[in-house]
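Chain residues, written in single-letter form:
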Amino acid sequence: MSRLFVLIATSTVFLSACIQQGPQTPPVSATELADSLQQTESRLTQQIQQQCDVLSKQEKSQADELQKISKTQRQFEGRMDVIEGKIDTVIVKQHKGDAAPPLCPKPAAAVSTNNIGNKLVVGKTEWLWIEAVNRVYEARVDTGATTSSISAIDITPFEKDGKNWVRFRLAPDDGDDSFIVEAPLVRYVKIRQASADTLDKRPVASLTVRLGKMTEVAEFTLNDRTQMTYPILLGREFLRDVAVVDVAKDNVQPKPEIVQNQPQAPSVSKTKKK
């Protein structure tokens, strides 16, 4: 009996020692730790990049949708202008005692000289109002150019409220007067000149302009056009989906009015550079 008790006690002590010790984990070397951290960092970097790609696609999709909404709004405003013009015509004729024309004439009678449906008709030149200086300039319409451009010299990028802006002197010609303009800097574009093999890097600014009755926030490449006939060029991006070009005509749209309650930018002599 005593021998059995001793055997049981000995087995219990042995099993207890095994349980307490348990399996031993081999130590991790510095090289293995560094490899593990590098793999983890690489995996996290890949996941972050994938998330950034998804967010970038979503941002582009939202920008496209916003552009479509903006174009739809402009089209709606153009239709409203047509309706308001018809209403004004009815009121004037009723005031004069004439018979009022129908508010919904036949489609053939709805075509005007400066609109086709909900699109503007523009000639090879048009008057353009620039909000930043509250002045009107004659622009050349060029469907061969992708982006629009405006005559600018003394171009200086700067930061305003944490965002990229650009300051330049709007130089309509090679005369003595020009006008200081500050506008959001959208991006830079590279343009190859026909007379040069290298690419010319130019800033693109966002400006509010008006063509006829259409007000638009458009992008303009900043470039010295003082030696050219027209200080402003309107390209395809500005005209797309909103205008039809008739190259046989000039200044189809009415010349925009200077805003009376908005100051005009003072002229700056070219000798007074900033």
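Nothing here was measured: the structure is a model prediction, and the numbers come from that model. (Residues numbered from 1 in each chain as written. Predicted model: local features only at pLDDT ≥ 70, side-chain atom pairs only at ≥ 80, totals over all residues. Heavy atoms only, no water.)

A closer look at the side chain of Arg 225
Then step 1. Take Arg 225: it is sitting in the loop between β9 (214-223) and β10 (232-234).
Then step 2. Buried charge Arg 225 goes without a salt bridge, the closest partner of opposite sign being Asp 142 at 7.3 Å.
Then step 3. Side chain to side chain, Arg 225 and Ser 149 meet in a polar contact 3.5 Å long.
Then step 4. Excluding its chain neighbours within four sequence positions, the residues that come into contact with Arg 225 are Ser 149, Ile 150, Ser 151, Tyr 230, Pro 231, Ile 232 and Leu 233. (Helix = DSSP H or I, 4+ residues; strand = E, 2+ residues; numbered from the N terminus. Buried < 20%, exposed > 50% of the residue type's maximum accessible area, 1.4 Å probe, protein only. Lys, Arg positive; Asp, Glu negative; His and termini not counted. Salt bridge = Lys/Arg side-chain N within 4 Å of Asp/Glu carboxyl O. Polar contact = N/O pair within 3.5 Å; in protein donor to acceptor, adjacent residues only side chain to side chain. Contact = heavy atoms within 4.5 Å.)

As for the sheet that holds strand β2 (residues 119-122)
Then step 1. In spatial order, the strands read β1-β2-β11; together these three strands make up an open sheet with mixed pairing. Taken across any chain shown, the strands that pair with only one partner, and hence form the sheet edges, are β1 (115-116) and β11 (243-245).
Then step 2. Across two bridges, β1 lies against β2 in antiparallel orientation. Of the residues in β2, the one forming a bridge with Asn 115 is Leu 120. (Pairing = 2+ DSSP bridges.)

Digging into the side chain of Thr 221
Then step 1. By the element assignment, Thr 221 lies in strand β9.
Then step 2. A polar contact of 3.3 Å, which involves the side chain of Thr 221, links it to the side chain of Thr 147.
Then step 3. Among residues more than four places away in sequence, those in contact with Thr 221 are Thr 147, Ser 148, Ser 149, Ile 150, Val 189, Ile 191, Arg 202, Pro 203 and Val 204.

What about the packing of aromatic side chains?
Then step 1. Under the defined criterion, the tally for this structure stands at zero aromatic pairs.
Then step 2. Just above the ring of Tyr 188 sits the side chain of Lys 201; from NZ or CZ to the centre is 4.7 Å.
Then step 3. The residue whose ring lies beneath Arg 210 is Trp 129, and the NZ or CZ to ring-centre distance is 4.3 Å. (Phe/Tyr/Trp six-rings, centres within 6.5 Å; stacked < 30°, edge-to-face > 60°. Lys NZ or Arg CZ within 6 Å of the ring centre and 35° of its normal.)

So, the pairing of β9
Along a regular strand, successive side chains alternate from one face of the sheet to the other.
Then step 1. Burial runs high along β9: seven of the ten residues are buried.
Then step 2. With eight bridges connecting them, strand β8 (residues 199-211) and β9 associate as antiparallel partners. Bridging across to β9, Arg 210 finds its partner in Thr 215.
Then step 3. Between the antiparallel neighbours β8 and β9 lie two residues, among them Gly 212 with a positive phi of about 65 degrees.

Regarding the pattern of salt bridges
Two side chains that carry opposite charge are able to pair once their charged atoms sit near each other.
Then step 1. For the structure shown, the criterion picks out eight salt bridges.
Then step 2. Arg 169 serves as the salt-bridge partner of Asp 154, at 2.7 Å between the closest nitrogen and oxygen. Here Asp 154 is found in strand β5 (residues 148-160), whereas its partner Arg 169 is found in strand β6 (residues 163-170), with 15 residues between them in sequence.
Then step 3. When its relative accessible area of 26% is taken as the criterion, Asp 154 is described as partly exposed.
Then step 4. Among the residues examined, Arg 169 registers a relative accessible area of 2% and is labelled buried.
Then step 5. Residues Arg 167 and Glu 182 are paired through a salt bridge, measuring 2.8 Å at the closest nitrogen-oxygen approach. Taken together, the residues span a long stretch of sequence, with Arg 167 in strand β6 and Glu 182 in strand β7 (residues 177-192) at a distance of 15 residues.
Then step 6. For Glu 182, a relative accessible area of 36% translates into the label partly exposed.

Topic: the pairing of β7
Then step 1. Where β6 and β7 come together, six bridges link them in antiparallel fashion. Note on β7: the bridge partner recorded for Val 166 is Ala 183.
Then step 2. Both β7 and β8 contribute to a ladder of seven bridges, which runs antiparallel. Pairing of Arg 187 across the sheet is with Val 204, part of β8.

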